[in-house]
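Examining the three-dimensional arrangement
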Amino acid sequence: MNGIISSLSHIKETATSNAGAINDILLLVEDLIMLHNDSSSFSPIPTSCQEIKNKQPNSPSGVYLLETATNGTQNIYCNMEELCGSGGGWTRLAYLDMTDSIENCPSGFKLYQSGGVRACGRATSSEGSCASVKFPSNGISYSQVCGRVVGYQYASTDAVLDVHGAPESHNDINSYYVDGVSITRGSPRQHVWTLMAGLQGSSLAADGSYVCPCASGSTQDSKIQSFVGSDYYCESGVGNLWTHILYTSDPLWDGKGCGSIETACCNVPSIPWFHKDYGVTTTTDYLELR
């Protein structure tokens, strides 16, 4: 502790750059949390954020030292606030913030940019395809998944309409079954949540087959795959008359800016957060975003 105080004093008394001072302070804050985490109340080193929350309910959100399944240790961010209707103790497994100008898209994803918005997606194609990134659990057991995804519509999207392949592809969790985002866990893949992008939100397209399944007048409700069920969100980013652009003015899956036919899609109490609760069942499966 004395060393940390001395370092803070050194930062104050010397003519360092603002960037250097900020970096040092961030590292020292992490050191303080790790020292707190190594105290007698955390012996042995905890294996999850929930364990920390249970032992010390007033622990703040931040980076903690956790033991992994291979008896190693790793610094992991713990959210100690209530999320998805459950108390704190959430372990962050996946995080990507493309509002940070130095953040890169995962390997295999294409960067889309327009009007200051940066987003990651699959390469544009007239045929169906997927890009994938996996987030390991590092051996941490979990029984709930809580998360949110911010997306943007690009050109024409058709939710779960099977227009880019045979029916067997449309009904295959391992294939490109949705225009949007698929979140699964483990191998073989088990569905967690699907985030769909419909064509438009203020009027029906054609016979209603291209808009969100939850939209008024849609014919897509019969197209929802059995493995998806009701575990999905769907929105569109344009009211009418789409074109080949990235629609940055209306982010998807936030329950805001919804068109007149998407009222039911957006009036969901939990949106923008999705939540999957496995009850007493726990798993160490990796999470996959496609």
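Residues numbered from 1 in each chain as written. Predicted model: local features only at pLDDT ≥ 70, side-chain atom pairs only at ≥ 80, totals over all residues. Heavy atoms only, no water.

The chain has the name Fibrinogen C-terminal domain-containing protein in an unreviewed UniProt entry, where Amphimedon queenslandica is given as its organism.

This part covers the confidence of the model for the chain. On average, residues of the chain score 82 in pLDDT, and 81% of them reach the 70 mark or higher. Below a pLDDT of 50 lies the segment residues 1-36, which in the model reaches 25 contacts outside its immediate sequence neighbourhood of four places, other chains included. (pLDDT = per-residue confidence, 0-100. Contact = heavy atoms within 4.5 Å.)

Moving on: the pairing of strand S8 (residues 151-154). Burial of the side chains of S8 is restricted to one face: Gly151 and Gln153 are buried, whereas none of Tyr152 and Tyr154 on the reverse face is. As paired elements, S8 and strand S12 (residues 246-252) share three bridges and run antiparallel to each other. Directly across from glycine 151, in S12, lies its bridge partner leucine 252. (Buried < 20%, exposed > 50% of the residue type's maximum accessible area, 1.4 Å probe, protein only. Helix = DSSP H or I, 4+ residues; strand = E, 2+ residues; numbered from the N terminus. Pairing = 2+ DSSP bridges.)

This part takes up the sheet that holds strand S1 (residues 62-67). Spatially, three strands are ordered S1-S2-S3 in an open sheet, and the strand pairing comes out antiparallel. Pairing within the sheet leaves two strands with one partner each, and these edge strands are S1 and strand S3 (90-91). Strand direction decides the pairing type here: strand S2 (residues 73-79) and S3, joined by two bridges, are antiparallel. Looking at S3, one finds that cysteine 78 is bridged to threonine 91.

On to the environment of asparagine 240, then. For asparagine 240, the position within the fold is in the loop between strand S11 (232-235) and S12. Classification of asparagine 240 as partly exposed rests on a relative accessible area of 37%. Between the C-alpha atoms of asparagine 240 and leucine 199, which are 41 residues apart in sequence, the distance is 8.4 Å. When sequence neighbours within four positions are dropped, the list of residues in contact with asparagine 240 reads Gln200, Ser202 and Ser203. At 2.3 Å, the side chain of asparagine 240 and the side chain of serine 203 are in polar contact. (Polar contact = N/O pair within 3.5 Å; in protein donor to acceptor, adjacent residues only side chain to side chain.)

One pass over the full model with this rule turns up four aromatic pairs. Between tryptophan 193 and tyrosine 233, the aromatic rings sit 5.3 Å apart at their centres with planes inclined by 65°, giving edge-to-face as the arrangement. Highlighted residues: tryptophan 193 in strand S10 (residues 190-197) and tyrosine 233 in strand S11, separated in sequence by 40 residues. Each member of the pair, tryptophan 193 as well as tyrosine 233, is classed as buried. For the pair tryptophan 193 and phenylalanine 274, a centre-to-centre distance of 5.7 Å together with 20° between the ring planes defines the contact as stacked. A residue pair is termed long-range when its members are at least 10 positions apart, and tryptophan 193 in strand S10 and phenylalanine 274 in strand S13 (residues 274-277) qualify at 81 residues. (Phe/Tyr/Trp six-rings, centres within 6.5 Å; stacked < 30°, edge-to-face > 60°.)

Counted by the stated rule, this structure contains six disulfides. In the chain, numbering the disulfide-bonded cysteines from first to last in sequence yields the connectivity 1-2, 3-6, 4-5, 7-9, 8-11, 10-12. (Disulfide = S-S within 2.5 Å.)

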